[in-house]
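# Chain and residue survey
Spelled out from the first residue to the last, the chains are:
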Amino acid sequence: MRIATWNVNSIRQRLDHAVAWLKETNPDVACFQEIKCQTEAFPAQPFEELGYNVTVHGQKTFNGVAVLSKRPLEDVTHGLAGDDGDVQARFIEAVVSTATGVMRVCCIYLPNGNPPDTEKYPYKLGFMERLKAFTAERLALEEPLVLAGDFNVIPAAVDAADPAAWTGDALFLPKTRSAFRELIHLGLTDAVRASSDAERLYTFWDYQAGAWQRDNGIRIDHLLLSPQAADKLITVGIDKHVRAWEKPSDHVPVWADFAIAS
């Protein structure tokens, strides 16, 4: 079973890319972030024609997440518990049945948090605290779980080409990294780091200042696995070549293969 995540940075602008990538990589489950459209405006048909079931939690102009699955999506929840006043579309939870049980997948678009001296940063930290509480509850189920998405967190200096450039950024502030470590320490495994300790494993390159051309990237898109999912992990890939496509997203897909019959 292959599970993937990709911040597409507008699904309508990147529809051809999304379809081409799905045909190329063939994930069983794909989590998209920053779709930037309302739920009813999501272009589901091209994905359904590829055999995917689709669930969308959209929002006009900003944010938005979607989950595509070759198997039916069950027990779907839109929105992260813990704040009834949060109207931002950043979270979907769904269960996918497999030949040997269930796989629980969460598609996450964690807040950016910049500028840090505004209300955006406390919202980011609050979202992370809610995600930690949610994850603790789900881990108690002792089933395969994947938290997939754009976390807007640079976990460590090795995950940035130029760490010094990010010291004042909400993606790399000490409180951000500490909150991410607390999430991991619940018992999750960072799939990329479990498979490789190599440097220059990036998932985002800014559009500005020739970041892509200079490989000045950061790693902020993650697949975090419960012990039951980590035990089944086979391999992980970062589809870096997608960033070189014409008019690309500034993020690239990350995927993991599991020894689970889909």
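I will try to describe carefully the structure that is included in this document. (Residues numbered from 1 in each chain as written. Predicted model: local features only at pLDDT ≥ 70, side-chain atom pairs only at ≥ 80, totals over all residues. Heavy atoms only, no water.)

Our next topic: the packing of aromatic side chains. According to the stated counting rule, one finds 10 aromatic pairs in the structure shown. Relative to Phe 180, the ring of Phe 151 lies with its centre 6.0 Å away and its plane at 80°, an arrangement referred to as edge-to-face. You can see Phe 151 sitting in the loop between strand 8 (145–150) and helix 4 (174–184) and its partner Phe 180 sitting in helix 4, a full 29 residues away along the chain. Residue Phe 151 is classed as buried on the basis of its relative accessible area, which comes to 0%. What links up through ring pairs into an aromatic cluster is the set Trp 6, Trp 21, Phe 32, Phe 42 and Phe 47. A cation over a ring is seen here: Arg 2 above Trp 255, with NZ or CZ 3.7 Å from the ring centre. Over the ring of Phe 172 we find Arg 177, and its NZ or CZ is 4.2 Å from the ring centre. (Phe/Tyr/Trp six-rings, centres within 6.5 Å; stacked < 30°, edge-to-face > 60°. Helix = DSSP H or I, 4+ residues; strand = E, 2+ residues; numbered from the N terminus. Buried < 20%, exposed > 50% of the residue type's maximum accessible area, 1.4 Å probe, protein only. Lys NZ or Arg CZ within 6 Å of the ring centre and 35° of its normal.)

Moving on to helix 1 (residues 15–25). Considered for burial, the residues of helix 1 that qualify are Leu 15, His 17, Ala 18, Val 19, Trp 21, Leu 22 and Thr 25. The inward-facing, buried residues of helix 1 contact strand 1 (2–7), strand 2 (29–33), helix 2 (45–48), strand 4 (65–69) and strand 12 (254–258). A positive phi of about 55° marks Asn 26, the residue just after helix 1. (Contact = heavy atoms within 4.5 Å.)

Sheet strands line up and pair through hydrogen bonds in the backbone, either parallel or antiparallel. Pairing is mixed across the open sheet formed by 6 strands, whose spatial order is 3-4-2-1-12-11. The open sheet has two edge strands with one neighbour each: strand 3 (53–57) and strand 11 (233–238). Adjacent strand axes in the sheet meet at a mean angle of 15° when their direction is disregarded. As judged from the 4 bridges shared by strand 1 and strand 12, these two strands associate in the antiparallel manner. Of the residues in strand 12, the one forming a bridge with Ala 4 is Trp 255. (Pairing = 2+ DSSP bridges. Axes fitted to C-alpha atoms, helices over the stretch in contact; angles between N-to-C directions.)

Grouped together as the largest cluster of nonpolar side chains are 26 residues, with contacts concentrated most on Ile 3, Val 29, Met 103, Val 146, Leu 223 and Phe 258. Residue assignment for this core shows that the elements contributing at least two residues are strand 2, strand 4, strand 6 (91–98), strand 7 (101–109), strand 8, helix 5 (191–195), strand 10 (221–225) and strand 12. At 4 residues, the largest contribution of residues to this core is made by strand 7. Leaving out residues up to four positions away in the same chain, Ile 3 has contacts with Val 29, Met 103, Val 105, Val 146, Leu 223, Val 254, Trp 255, Ala 256 and Phe 258. In this structure, Ile 35, Cys 37, Phe 42 and Phe 47 belong to the second largest nonpolar core, which totals 22 residues. (Core = buried A, V, L, I, M, F, W, Y, C linked by side-chain atoms within 4.5 Å.)

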